[in-house]
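Residue-level listing of the chains:
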Amino acid sequence: MDNEPLIEIRNLTLRYHGQVILDDVSLTVRRGDFYAIIGPNGAGKTTLIKAVLGLVPIDSGEILLFSEPAGPKGRARIGYVPQYQAFDFQFPITVHEMVLTGRLGRKIHPFSRYGLHDFEAANKALSRISAVSLSKKQISDLSGGERQRALIARALAGEPEVLILDEPTVFVDTPTEEQFYELLSSLSREVTILMITHDIGVVSKHVNRVACLNRKLYQHESDQLTPEMISMAYGCPVDLITHGDVPHRVFARHGNEP
Amino acid sequence: MIEAFGYEFFRSALLAGLLASVVCGIIGSYIVVKHMISVAGGVSHAAFGGIGLGYLLGLDPLTGAFFFTLGVSVAIWGLMERAREHIDTLIGAFWAGGMAFGILCISLTHGYTSDLFSYLFGDILLVPPEHLILISLLGIFVIIIVTLFYPALQAVAFDQEYATISGLPTRGLNLLVLILIAVAVVVLIQVVGTILVIALLTLPAAIARHFSKTLSGLMIKSTIISMIITTIGIFLSWIFDIPSGSMIILFGVCVYLVVTAGKEMFNHRVLSGREQ
């Protein structure tokens, strides 16, 4: 079913050590969306995603995955691409092995072994992001962009219906950034994508829905990014983003502009 | 040197060293990649409490250590799952508390506490046949468990958060790892003693890490390196008539330093060669 809601967040409030991190946040991600949530550092973006994934407890509100209360069954249908600074990339594991761990969500027992189907899914995921040649490399030998792609392959190996990406471009160098978004854009034709980023510049022509988060979530009814949303989320008017190569489709033309 | 093979106890010592190496290669690799060295240090030192308790109750000290160490592992796991932030302090408390409890028990024990020194610092040349059987059984247990749970253990060590989202019982798997550490500690006490166990758990894996691309490869290479180190250590111990624990560890530390320095120099030369 098209347009079916896959992730629904309703009036979510979350406190940590008494401090409000997320305040009455509501958000719906539908099948086919390429949804970007932008916001400054410390806005609660990662916390929001961790709440969806069940990694942090919520204080009030509810989260539905695939129209059911969030649980392990729903989470198995989500592919998560975490921020990779948190990783120990010295860990002795090859890209292929790491991508295979993305299959574990499909297993029932902790002592399951990988079967033929798992190897096929891992290979398919690697070829989907054009990284088959990296397969035998140890992850410590990868560049920043390659690591990011390998983490996406791990998420894809679980054959998810939604891909959640946390700051995917932090370590992708500028020349390959556009290429990276082309990749995400082509993935978005097959899988729904929810991406968070602190970088407004990257909310490019590829995404079709956008919201700003800074404790509260600011959305434009047309799902377009407006200067008002940004200034609310960032607490000040953001001038620089109106310059440069911001696609017109994201910014609505104001009626009084020439 | 060859005449040493003529002695039953020497052959037992070599066999014990090889068997212990399997445990230490597998569990040590896991400890090193999952950054659990301080946890393993806490468990292994706390084991001394079990040795003391064994003396006090008139049990085999190693049996005392086995049950006591299991208890400590479960306690550390329970506290780790609840209070994440001060785990270092907790480990320190178990580390010193276990040893202090052992000393208390021993001072309350009437009569002669034989072999105390060998439990502290290890003397593999004194390994009794029943311990050889115990080490073998525990070694087989470790191999079966790690083989059975390998994909899950690998996933939890690499990225616990992702493993949790995937629906793996990460808490249970962490408990399993702590139990395996307790088992490994008991196996290794005979070889190097409670105080030096941590070195034998970490040095072979730290050396093998320079040459390993995968966790399973690291486990196999650590086992082989540990076998070489313990065997040579036992021979050195025989030749110089010094307790095996200290010879094995000192030899292991030397190998580790040489390999690490050699690798640094090699990398440096390769890098500067590229620049030219």
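Everything that follows concerns the structure shown earlier in this document.
A short tour of the structure in this document, coming up. (Residues numbered from 1 in each chain as written. Chains lettered and ligands numbered in written order. Predicted model: local features only at pLDDT ≥ 70, side-chain atom pairs only at ≥ 80, totals over all residues. Heavy atoms only, no water.)

Observations regarding the pattern of salt bridges
Next, step 1: On inspection of all chains with the given rule, the structure shows 17 salt bridges over all chains.
Next, step 2: Arg31 of chain A is the partner of Glu161 of chain A in a salt bridge, and the nearest nitrogen-oxygen pair spans 3.2 Å. You can see Glu161 of chain A sitting in the loop between helix 5 (144–157) and strand 7 (162–166) and its partner Arg31 of chain A sitting in the loop between strand 2 (19–30) and strand 3 (34–38), a full 130 residues away along the chain.
Next, step 3: By relative accessible area, Glu161 of chain A is classed as partly exposed at 23%.
Next, step 4: A residue is classified by how much of its surface remains accessible, and Arg31 of chain A, at 26% relative accessible area, is partly exposed.
Next, step 5: Notably, a salt bridge pairs Arg11 of chain B with Glu8 of chain B, separated by 3.4 Å at the nearest N-O pair. With a gap of three residues between them, Arg11 of chain B and Glu8 of chain B both fall in helix 1 (residues 8–33), about one helical turn apart. (Salt bridge = Lys/Arg side-chain N within 4 Å of Asp/Glu carboxyl O. Helix = DSSP H or I, 4+ residues; strand = E, 2+ residues; numbered from the N terminus. Buried < 20%, exposed > 50% of the residue type's maximum accessible area, 1.4 Å probe, protein only.)

Structural notes on the sheet that holds strand 5 (residues 68–69) of chain A
The strands that make up a sheet pair up through hydrogen bonds in the backbone, lying either parallel or antiparallel.
All names here are of chain A.
Next, step 1: If you walk across this open sheet you meet the four strands as 2-1-4-5, and the pairing is antiparallel. The open sheet is flanked by strand 2 and strand 5, the only strands paired with a single partner.
Next, step 2: Sheet topology places strand 1 (residues 5–16) next to strand 4 (residues 60–65); five bridges connect them, and they run antiparallel. For Ile9, the partnering residue across the bridge sits in strand 4 and is Ile63.
Next, step 3: Its contacts with the sheet put helix 1 (residues 45–52) on strand 1, strand 2 and strand 4, and the angle it makes with strand 1 is roughly 120°. (Pairing = 2+ DSSP bridges. Contact = heavy atoms within 4.5 Å. Axes fitted to C-alpha atoms, helices over the stretch in contact; angles between N-to-C directions.)

Here we look at the nonpolar core
Next, step 1: Ile152 and Leu163 of chain A together with Ile27 and Ile181 of chain B are the most contacted members of the largest nonpolar core, which totals 160 residues.
Next, step 2: If one sorts the elements of this core by residue count, helix 9 (residues 170–192) of chain B sits on top with 15 residues.
Next, step 3: Of the residues that make up this core, three or more belong to each of domain 1 (1–77 + 164–179 + 193–250) and domain 2 (87–160) of chain A.
Next, step 4: In contact with Ile152 of chain A, not counting residues within four places along its chain, are Val81, Ile129, Leu163, Leu165, Phe180, Leu184 and Leu187 of chain A. (Core = buried A, V, L, I, M, F, W, Y, C linked by side-chain atoms within 4.5 Å. Domains from an automatic or database assignment.)

Quick word on the interface of chain A and chain B
Next, step 1: At the interface, 30 residues of chain A touch 26 residues of chain B.
Next, step 2: Carbon and sulfur atoms make up 63% of the area that chain A and chain B hide from each other, which totals about 2,600 Å².
Next, step 3: Remark: the boundary between chain A and chain B carries three salt bridges.
Next, step 4: Among the salt bridges present, the one from Arg154 of chain A reaches Asp159 of chain B, with a minimum N-O distance of 3.0 Å.
Next, step 5: Counting across the chain A and chain B interface gives ten residue pairs in polar contact (both at pLDDT 80 or more).
Next, step 6: At the level of elements, helix 3 (95–101) and helix 5 of chain A are the ones that each hand at least two residues to the side of chain A that touches chain B.
Next, step 7: The element contributing the most residues to the side of chain A that touches chain B is helix 3 of chain A, with three residues.
Next, step 8: Split into classes, the residues belonging to the side of chain A that touches chain B amount to 15 nonpolar, seven polar and eight charged. (Buried area = accessible area lost by both parts, 1.4 Å probe. Polar contact = N/O pair within 3.5 Å; in protein donor to acceptor, adjacent residues only side chain to side chain. Nonpolar A, V, L, I, M, F, W, Y, C, P; charged D, E, K, R; others polar.)

A word on the pairing of strand 3 of chain A
Residues and elements named next belong to chain A.
Next, step 1: Here strand 3 lies mainly inside the structure; five of its five residues are buried.
Next, step 2: Residue alternation in strand 3 divides its side chains into two sets, Phe34, Ala36 and Ile38 and Tyr35 and Ile37, and both sets are buried.
Next, step 3: In this structure, strand 3 lies alongside strand 8 (residues 192–197), joined through five bridges in parallel fashion. Across the sheet, the residue bridging to Ile37 is Ile196, located in strand 8.
Next, step 4: Relative to strand 9 (residues 209–214), strand 3 runs parallel, the two sharing four bridges. Bridging from a neighbouring strand, Ala36 pairs with Val210 of strand 9.

Regarding the packing of helix 5 of chain A against helix 6 (residues 174–187) of chain A
Residue and element names in this part refer to chain A.
Next, step 1: At a minimum axis separation of 12 Å, helix 5 and helix 6 run at an interaxial angle of 10°. It follows from the interaxial angle that helix 5 and helix 6 lie roughly parallel. On the side of helix 5, the interface is formed by Gln148, Arg149, Ile152 and Leu156, while helix 6 contributes Phe180, Leu183, Leu184 and Leu187.
Next, step 2: The residue inventory of the contact of helix 5 with helix 6, partitioned by class, reads six nonpolar, one polar and one charged. (Parallel < 35°, antiparallel > 145°, perpendicular 65-115°, else oblique.)

Overview of the environment of Ile124 of chain B
Residues and elements named next belong to chain B.
Next, step 1: Inspection of the secondary structure puts Ile124 in the loop between helix 5 (116–121) and helix 6 (129–148).
Next, step 2: Overall, Ile124 belongs to the buried group, its relative accessible area being 0%.
Next, step 3: Residues Ile124 and Gly193, 69 residues apart in the sequence, show an inter-C-alpha distance of 9.2 Å.
Next, step 4: Aside from chain neighbours lying at most four places away, what touches Ile124 is Ala13, Ala16, Gly17, Gln190, Val191, Ile234 and Ser244.

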